[in-house]
Amino acid sequence: GFFLFNSPLAKIRVARQVKRFYRKTIPDETFLLHLIQIRFPLIVSINPDKYISEAFDRYGINHNFKYFQHSPHGNETEEIEKPKMDSPLVYNLFGMEDRDESLVLDYHDVSKMLKSIIGTPGLPEKILSYCQQATTYIFLGFQFDKWYLQLLLSLLSDKERCEKLISVNKRLNDHDTHQFIMHQFKV
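Q: Even after reading the chapter, I still don't get the nonpolar core, so can you show me in this structure?
A: The nonpolar side chains of a soluble globular protein tend to be buried, and buried together. Counting 21 residues, the largest nonpolar core has Tyr91, Leu93, Met113, Leu123 and Ile127 as the members making the most contacts within it. Secondary structure elements with two or more residues in this core: strand S3 (89-92), helix H4 (107-118), helix H5 (125-133), strand S4 (136-140) and helix H6 (147-157). If one sorts the elements of this core by residue count, H4 sits on top with four residues. Filtering out sequence-adjacent residues up to four positions away, Leu123 remains in contact with Phe68, Tyr91, Leu93, Ser116, Ile117 and Leu128. Counting residues in hydrophobic clusters, the runner-up holds 20 residues, among them Val14, Tyr22, Tyr51 and Leu103.

Q: Looking at this structure, how should I read the pattern of salt bridges?
A: Taken as a whole and assessed by the stated rule, the structure comprises five salt bridges. The partner of Arg16 in a salt bridge is Asp100, and the shortest N-O contact between them spans 3.6 Å. Of this pair, Arg16 sits in helix H1 (residues 8-24) while Asp100 is found in the loop between S3 and H4, placing the two residues 84 residues apart along the sequence. Overall, the relative accessible area of 25% leaves Asp100 in the partly exposed class.

Q: Just checking my understanding: could you explain empty space enclosed by the protein for this structure?
A: Applying the stated criterion across every chain, the model contains one cavity of 30 Å³ or more. The computed volume of the largest cavity comes to approximately 90 Å³. Residue lining of the largest cavity: Ile46, Leu93, Phe94, Val110, Met113, Leu114, Ile117, Phe142, Tyr148, Leu149 and Leu152, and that is the complete set. Going through the elements one at a time, H4 and H6 are the ones with two or more residues in the lining of the largest cavity. Looking at the lining of the largest cavity, the element that brings in the most residues is H4, giving four residues. Looking at the lining of the largest cavity residue by residue, the classes come out as eleven nonpolar, no polar and no charged.

Criteria and cut-off values
Residues numbered from 1 in each chain as written. Predicted model: local features only at pLDDT ≥ 70, side-chain atom pairs only at ≥ 80, totals over all residues. Heavy atoms only, no water. Core = buried A, V, L, I, M, F, W, Y, C linked by side-chain atoms within 4.5 Å. Buried < 20%, exposed > 50% of the residue type's maximum accessible area, 1.4 Å probe, protein only. Helix = DSSP H or I, 4+ residues; strand = E, 2+ residues; numbered from the N terminus. Contact = heavy atoms within 4.5 Å. Salt bridge = Lys/Arg side-chain N within 4 Å of Asp/Glu carboxyl O. 1 Å grid on protein atoms, 1.4 Å probe; cavity = no way out; pocket = protein on both sides within 12 Å on 5 of 7 lines; lining within 4 Å. Points joined across faces, edges and corners; volume = space filled by probe spheres on them. Nonpolar A, V, L, I, M, F, W, Y, C, P; charged D, E, K, R; others polar.

Encoded structure:
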């Protein structure tokens, strides 16, 4: 879920708490090792941490790391190399933990992020074109009962060339949501 802030100062305090949370949290090293061994040219994370990038660093695997900024011109000046198998790109869609202005914390931030993805300037061109050319998507750990992830599924599954949407997650507790996701988006 997202927050509803009663003041800009409250949002800043939560951004600092997010930063402390990710500094104190120790990720599952076995999971990260398995993840980076799968050779994907592009890894899009909805978490604002650097765990995946740091795992690539620890194991000496060449890669690039970038994050989405929902500020008006944050992505226009960012030079991003095209994702490649031998130099994968880790891209944080919901910002970066130590860049308060990039974090997606409330529905206003989500709205700005979605508008910029769908409209101009949107995602950096090299990321957007790569995602548009993909024919298979694998989702790990997503909660598909959230409206914004259903919107993302809708944007991805609307393409005629999209063959599969795959979810690695346990069954949803709500039977109606489970049926809707399976039948509407063919997950």
